[in-house]
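Each chain is listed here by its residues.
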Amino acid sequence: MSQATSSSTFEQLSENLKTGAVRLLEETATDESDETLSATAAELWDVVEEVEDILGTIDLEKLPDVVEVSALPDLLELDELPEAIHERDPDAALDLSAIRHVIHLRELWNTVDLVDFQTELRQLRAELEDVVGPDLLDSSGGSEAATEVTSFVDGVKPDAADAAIQQQAKKAAKAARNGVVEGHSTFETLYESTGRGSGYAGRTPVSKNPTAVSSVPYGPLPASVSTRVSTVPRGVRGAKVDALPRIYGRRWKTAGRSR
C-alpha cells in the first residue's frame, strides 16, 4: 500500500464535513435571526431524515450475511497500523484490493433495495451539500484505498443493474401473487362453508345407508405427501436475487397469513 503522508480522501471528506458543521455553528452563535436558526435546524434535520430513509432501504437483519468475516483480516496490514495512525494515513494499513472476497454479492442484492437506495443516496448527497457547501463533498485526493473501492464498485455495476431489474420484477410478481393468495383464501373459505352443509358432517355424507361412502377427499386438499412436497427448484438459475418462496399444498394457508 502507499506510504504517502498526504491527506487521504477519507480525511479530506471528514475535514469538509467538519468545516461545514463549524460554519453552521458559527452562524447560529453570531446571527440572532430566528429565520437563520430555523433554516440551519431544517438543514440538519433534512440530513437526519435522509440518513433514516437510506437505512430504510437496507434489511439490517440480513446485513451481517453480506460480509465474509473470516476474510476481513486480509483488508488490514497490521504491521503498518502504527504508522498509519501516526501519519493519519489509512492507505498505509488498508489493502482494499481484496474487498471483492469480503462481500457476498448475492446476499448484498437480497439485503439492499437497489433502486430506492440509489434514489435516497442522491437525496442524501444533496442535503449534505446544503450543509457543507457546494462541491465540498468532492475530493481531489489520491487515496489508493478509495481508488480500489471505486474499482470494485465499477466492476459490480453491471451485476447491480441486473439485480435492480430483478428486484423490480420480484416486487411486481409479489403484488400479483398477493391477489392470487387472497382469491385462494376466499375460495377455500367458501369451500369449507359449503362442505359443512346439512348433508355433511365435515366432508362425510350423513345418510341412513350404512354402505354410503364419499369419493370426495377430506378437506380442500388431499391429505397426501404429494401436497407437501414440490419438485420445482427453489431458486432460479442465473438469478441475482432469491426467488419468492414456492406456494403449494398447505402453504397456501401460511402464505395467506404472512401477506
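Residues numbered from 1 in each chain as written. Predicted model: local features only at pLDDT ≥ 70, side-chain atom pairs only at ≥ 80, totals over all residues. Heavy atoms only, no water.

Asks: Requested: an account of the overall build of the chain, with residues and values cited.
Replies: The helix and strand tally for the chain stands at seven helices and two strands. Starting at the N terminus, the α and β elements of the chain follow one another as α-α-α-α-α-α-β-β-α. With 259 residues in all, the chain has 22% of them scored as buried. Look at the contacts in the chain between residues 6 or more apart in sequence, and 76% of them connect residues 24 or more apart. (Helix = DSSP H or I, 4+ residues; strand = E, 2+ residues; numbered from the N terminus. Buried < 20%, exposed > 50% of the residue type's maximum accessible area, 1.4 Å probe, protein only. Contact = heavy atoms within 4.5 Å.)

Asks: Which residues make up the environment of Asp-89, and what are the values?
Replies: Relative to the helices and strands, Asp-89 is located in the loop between helix 3 (81-87) and helix 4 (105-111). Counting along the chain gives 54 residues from Asp-89 to Ser-143, while the straight-line C-alpha distance between them is 9.0 Å.

Asks: So what's going on with the nonpolar core? Residues and values would help.
Replies: In this structure, Leu-75, Trp-109, Leu-114 and Ala-163 are the most contacted members of the largest nonpolar core, which totals 16 residues. Counting residues per element, this core draws most heavily on helix 6 (residues 144-194), which supplies five residues. Dropping the residues within four chain positions of it, Leu-75 is found in contact with Ala-93, Leu-94, Asp-95, Leu-96, Ala-98, Ile-99 and Val-102. (Core = buried A, V, L, I, M, F, W, Y, C linked by side-chain atoms within 4.5 Å.)

Asks: Got a sec to walk through the pattern of salt bridges? Specific residues and values, please.
Replies: One pass over the full model with this rule turns up five salt bridges. Of the charged contacts in the structure, one is a salt bridge between Lys-171 and Asp-113, with a shortest N-O distance of 2.7 Å. Taken as a pair, Lys-171 in helix 6 and Asp-113 in the loop between helix 4 and helix 5 (114-132) lie far apart in primary sequence, 58 residues in all. Lys-171 gets classed as partly exposed once you look at its relative accessible area, which sits at 39%. For Asp-113, a relative accessible area of 17% corresponds to the buried category. A salt bridge links Lys-157 to Asp-154; the nearest nitrogen and oxygen atoms lie 3.5 Å apart. One end of the pair is Lys-157 and the other is Asp-154, both in helix 6 and three residues apart, which spans about a single turn. By relative accessible area, Lys-157 is classed as partly exposed at 48%. A relative accessible area of 42% places Asp-154 in the partly exposed class. (Salt bridge = Lys/Arg side-chain N within 4 Å of Asp/Glu carboxyl O.)

Asks: Account for a nonpolar patch on the surface, naming residues and giving values.
Replies: Taken together, Val-51, Leu-55, Leu-60 and Leu-63 make up a surface patch of nonpolar side chains, about 320 Å² in accessible area. You can see Leu-60 is positioned in the loop between helix 2 (34-55) and helix 3. (Patch = residues over 30% accessible without salt bridge, like charges linked within 9 Å, V, L, I, M, F, W, Y side chains within 5 Å. Areas by Shrake-Rupley, 256 points an atom, 1.4 Å probe, with all protein chains shown as cover.)

Asks: Mind laying out the side chain of Glu-127, listing which residues take part and the relevant values?
Replies: Of note, Glu-127 is situated in helix 5. Classification of Glu-127 by relative accessible area gives buried; the value is 17%. When residues no more than four places from it in sequence are discounted, the contact partners of Glu-127 are Asp-46, Val-47 and Glu-50.

Asks: Describe the confidence of the model for the chain, naming the residues involved and giving the relevant values.
Replies: Summing up the model confidence of the chain, the mean pLDDT is 74 and the portion of residues at 70 or higher is 62%. Mean pLDDT in the chain bottoms out at strand 1 (residues 200-201), which sits at 49, and peaks at helix 4, which reaches 92. This stretch, residues 197-203, has a pLDDT under 50; its non-local contacts, to residues over four places away or in other chains, come to 16 contacts. (pLDDT = per-residue confidence, 0-100.)

Asks: Quick rundown of the side chain of Glu-50? Include the residues and the values.
Replies: Looking at the secondary structure, you find Glu-50 in helix 2. At 10 Å, Arg-122 is the nearest oppositely charged side chain to Glu-50, a buried residue that forms no salt bridge. Every residue in contact with Glu-50, bar those within four places of it in the chain, is listed here: Glu-120, Gln-123, Leu-124 and Glu-127. (Lys, Arg positive; Asp, Glu negative; His and termini not counted.)

Asks: Go over the environment of Val-112, please, and point to the residues and values.
Replies: Mapped onto the elements of the fold, Val-112 is located in the loop between helix 4 and helix 5. Remark: the alpha-carbon pair of Val-112 and Leu-60, spanning 52 residues in sequence, is separated by 9.0 Å. Non-local contacts of Val-112, meaning those with residues more than four positions away in its chain, are made with Thr-57, Ile-58, Phe-117 and Gln-167.

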